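Working through the structure, step by step
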Amino acid sequence: LGETHQVSTIQVSQPSARIDTQESKRYCNNNTQFQYLTMTNRGFTEAVPLSLSSMAHMTLPLEEGVSDGLTQVLHHMLTCCANYARAIMPPHNWKANDLTTSIHAWEPHAGDAEPRDLPTSLTKHGFSHQYHRTAFIYLKGAMKQNISQEDEKRYLKDWAHEDEAVLGRVSLMFATNGVSSPEELNGDKVTADSPKCVLYKAIVEYRSLPATGNKSAVQAEELSMLSFGGSVDDDVKYGALASLYDDTAKYILEIYSVRGKKYKFDLMKSTLCDGTVPRMPSRGNPDEAPHDDPFLKSLCVTVTDHATSRQEEHKYAITRMHLSLEGNLHIGQHQLPTDSSSISNRMQEMFLYLNHAKPEMAVATPSGHTLLLDPNEAGKIYIDGRYVTSWGKDPKIGSHLPALFGMDLQNIPFWHGRITDYDILKRSYAQLWQDVLIDARLKSKDIGGRLLSRLITGADPVKDDEDDEDDDADHMDDEEEKTAVVDPGSDCLEAQVMQSSTYDPVGISAKALATRFSKEYCEEGFPCLAHEIDWVKDRLPGRVPVVVPLRVINVLRRGGYFDTKRTSDEVWFSQSRPAKFGDESEVVEKAVELLKEAGCNDVTPNMIVFFNGVGVSDPVQKRGLVRFNRTLRQYHVNQYFSTMNLMDIVSDSKNVEPEAKKKKIDTVAAKGYLLGFHVAQEHPDGGVLIRYLLKHRNEAI
């Protein structure tokens, strides 16, 4: 482990504490037996194997190496930064989305570290030039408006003292075998002669509460670091294990605690100085081959003391973590990259709030969840600012359906980057939509319009900002290049949670979307499928059919837009009244008389009723005068029929002779004939209409 002291390996079958081994003894704790090696009274470093063997990488996603390890460490750091902010600035419940970086974060700069900071394994191969990429973590509420690059250069010396708004910093230290330009470090201008680049150290620092000096607190910290499973520091140990298996080199994690302890994680062969191999007490046959024991090589942690600053002078302390390259490179120099941007880009992709160019988003109140509006973020799931997976692309989710928006959810249970309960995720996502769709403060973002457009077309609506005719051609080109977020023909996560009474019991989001649909397509617009257009025109006179995908239909049905038949029944049959005494009753009796003359004896005056006609505009042109209710066996007549002027209808016709236009019409007889005609047309017996027309074809009105 690079220490000059003697090292003892302690065999454990359960999470272990740091043990004093100055003399041989046996110690039992919770029926767990620990065996010790007799040591002299000289100083030594203890190496304790955690209850996670080197074989654990077979079941954990550690393929990213140091990149995955740094992700785990940064997740722990951001959590600690938010916890620190809550402790010193109550009562606000600060969270990860209250953290941010400046616009100068992650830019490459020449390093000013001393040459001895470089590992010998790199300097002997000519890697003598140092560069770094640094990001300072700020608390939004306390951050200055204009942070200059000079400010952040000054912060490198003592960031904690310079600016109270800085809660931590991340520095990626690189070494190259030649002088690299900023373009080469960013990968923008790479040639065959460009120097090779390798990460040799990652420094993570963040503010912590000062140590109290309580020995119990020190012991509790050691117990946490020397155990595995259920510990708040488990993510750090996962990061340590991932970094040890990097393809480029072996990276060692070191933690400098505010309580004066240094923890170093490394793989170690579990062989004692006398040549014996420690075994789990429950492993059975003592003659079993040593290589069959997973503890042959284990993740171990060493604990030593380190000097701390005088914390009593400040209200804070600094916790430091180092991921340092140790030993030789695992690959040849020709396989190394020429740019240093891959890891910093990876960190910005993995952590939403470490990216200074954050995507457009909307924060929901009061849930605290965040909706990501950028089409490029569609389907991405972040938990407390950390990217976890993409909906519809992760086979572990069990759903192939996509999502139209990205999300950053709070307090969702997940383990080592894996969500453990997707039902809770759906409930939180449904709550997010309920909050953002009814929040008037987010009106300028047009979230409802974007949701409706993506549900219908798969893309955001086109903005009508171009008034200059010269820009019309460019605008059309932009529309042609516009691609859909997702195929509108498939179902999606948003439609699922909005139409479900499980995730949205009241239907708030569905009703909000229906309101937006009404605003977008006016009250006359009616959502339907393509094959229902003629049916809507026939059964809903005055309504304009709007063709939408089935997923939109499912949401709008719950929001108040019912199917065509139910809507037609509500318009025509929800309210009715008998014919008023006078002209209406005379017209009805005349219509029944004409129907009986045509051989239709099953229609009586009490079967013809009137309704107010609300929801049916221009009933003459749209053929919305009479409808038959098969359930009640009633003929519902639009109230407009009683007040329409037949002379105006005749005079508006271009094919009628002028003499006919001047001829006086018997209103009761004419309306009785027309009402009888419409009733015969709606009659279940199709022969009634034919007999009616043949019987009365030559009668004068």
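Refer to the structure printed above.
These figures come from a predicted structure and were not determined experimentally. (Residues numbered from 1 in each chain as written. Predicted model: local features only at pLDDT ≥ 70, side-chain atom pairs only at ≥ 80, totals over all residues. Heavy atoms only, no water.)

Quick notes on the pairing of strand β26 (residues 634-638)
Under the convention used in this document: Under the scheme applied here, a residue whose accessible area is under 20% of the maximum for its type counts as buried, over 50% as exposed, and between as partly exposed, the area being computed with a 1.4 Å probe on protein chains only. Under the scheme used here, helices are H or I runs from DSSP no shorter than 4 residues and strands are E runs no shorter than 2 residues, and both carry numbers assigned from the N terminus. For two strands to be treated as a pair, DSSP must find at least two bridges joining them.
Of all five residues in β26, five are buried; the element is thus mostly enclosed. With burial as the criterion, each face of β26 is covered, one bearing Gln 634, His 636 and Asn 638 and the other bearing Tyr 635 and Val 637. Hairpin connection of strand β25 (residues 626-629) to β26: four residues between the antiparallel strands, including Arg 633 at a positive phi of 50 degrees.

Structural notes on the sheet that holds strand β16 (residues 380-383)
As a reminder of what qualifies: Geometry is summarised by axes, namely lines fitted to C-alpha atoms with helices restricted to the contacting stretch, and by angles between N-to-C directions that run from 0 to 180 degrees.
Read from one edge of the open sheet, five strands run β14-β15-β18-β16-β17, paired in mixed fashion. Here the strands that pair on one side only, and so sit at the sheet edges, are β14 (361-363) and β17 (386-390). Averaged over all pairs of adjacent strands, the angle between strand axes in this sheet comes to 20 degrees, irrespective of strand direction. Pairing of β14 with strand β15 (residues 370-372) involves three bridges; the strand directions are antiparallel.

With respect to a nonpolar patch on the surface
Using the following cut-off: Residues qualify for a patch when their relative accessible area is over 30% and they have no salt bridge, like charges being joined within 9 Å and the nonpolar side chains of Val, Leu, Ile, Met, Phe, Trp and Tyr within 5 Å. The Shrake-Rupley method, run with a 1.4 Å probe sphere, supplies the accessible areas, and residue values consider only the shown protein chains as cover. What counts as a salt bridge is simple: a side-chain nitrogen of Lys or Arg found within 4 Å of a carboxyl oxygen of Asp or Glu.
A cluster of nonpolar side chains, contributed by Val 620, Tyr 640 and Ile 649, occupies part of the molecular surface with about 230 Å² of accessible area. Position of Tyr 640 among the secondary structure elements: in helix α17 (residues 640-643).

Section: the pattern of salt bridges
For the coordinates displayed, the defined rule picks out 24 salt bridges. For Arg 516, the salt bridge identified is with Asp 446, shortest N-O distance 3.3 Å. Remark: Asp 446 occurs in the loop between α8 (422-437) and α9 (447-456) and Arg 516 occurs in helix α12 (residues 508-521); sequence separation between them is 70 residues. With a relative accessible area of 27%, Asp 446 lands in the partly exposed category. Each member of the salt-bridge network shares a partner with another, and the members are Lys 144, Asp 151, Arg 154 and Glu 162.

Quick word on the packing of aromatic side chains
In plain terms, the rule: Each aromatic pair joins two rings of Phe, Tyr and Trp (for Trp, the six-membered one) with centres within 6.5 Å, and gets the label stacked for planes under 30 degrees apart, edge-to-face for over 60, and tilted for any other angle.
Inspection of every chain in the model, using the stated rule, returns ten aromatic pairs. An angle of 85 degrees between the planes, with centres 5.6 Å apart, marks the rings of Phe 136 and Tyr 155 as edge-to-face. Taken together, the residues span a long stretch of sequence, with Phe 136 in strand β7 (residues 129-139) and Tyr 155 in helix α3 (residues 149-162) at a distance of 19 residues. Residue Phe 136 shares its accessibility class with Tyr 155, and that shared class is buried. Where Phe 405 meets Trp 433, the ring centres are 5.0 Å apart and the plane angle is 75 degrees; that geometry is what we call edge-to-face. Taken as a pair, Phe 405 in the loop between β17 and β18 (406-409) and Trp 433 in helix α8 lie far apart in primary sequence, 28 residues in all.

What about the environment of Arg 633?
The condition is simple: Any pair of residues with heavy atoms lying within 4.5 Å of one another is described as a contacting pair.
Looking at the element boundaries, Arg 633 is found in the loop between β25 and β26. Taking the C-alpha atoms as reference points, Arg 633 and Ile 608, separated by 25 residues in sequence, lie 9.2 Å from one another. For Arg 633, the contacting residues outside a window of four places in its chain are Asp 602, Met 607 and Phe 628.

Looking at the packing of helix α20 (residues 667-682) against helix α21 (residues 687-695)
How we decide: The cut-offs work like this: below 35 degrees is roughly parallel, past 145 is roughly antiparallel, 65 to 115 is roughly perpendicular, and the gaps in between are oblique. Following the grouping adopted for this structure description, the nonpolar residues are Ala, Val, Leu, Ile, Met, Phe, Trp, Tyr, Cys and Pro, the charged ones are Asp, Glu, Lys and Arg, and the polar ones are all others, Gly among them.
Contact pair α20 / α21: the axes reach a minimum separation of 7 Å and the direction vectors enclose 150 degrees. Put simply, α20 runs roughly antiparallel to α21. Where α20 abuts α21, its residues Gly 672, Tyr 673, Gly 676, Phe 677, Ala 680 and Gln 681 lie against Val 688, Leu 689, Tyr 692 and Leu 693. Considering only residue class, the contact of α20 with α21 consists of seven nonpolar, three polar and no charged.

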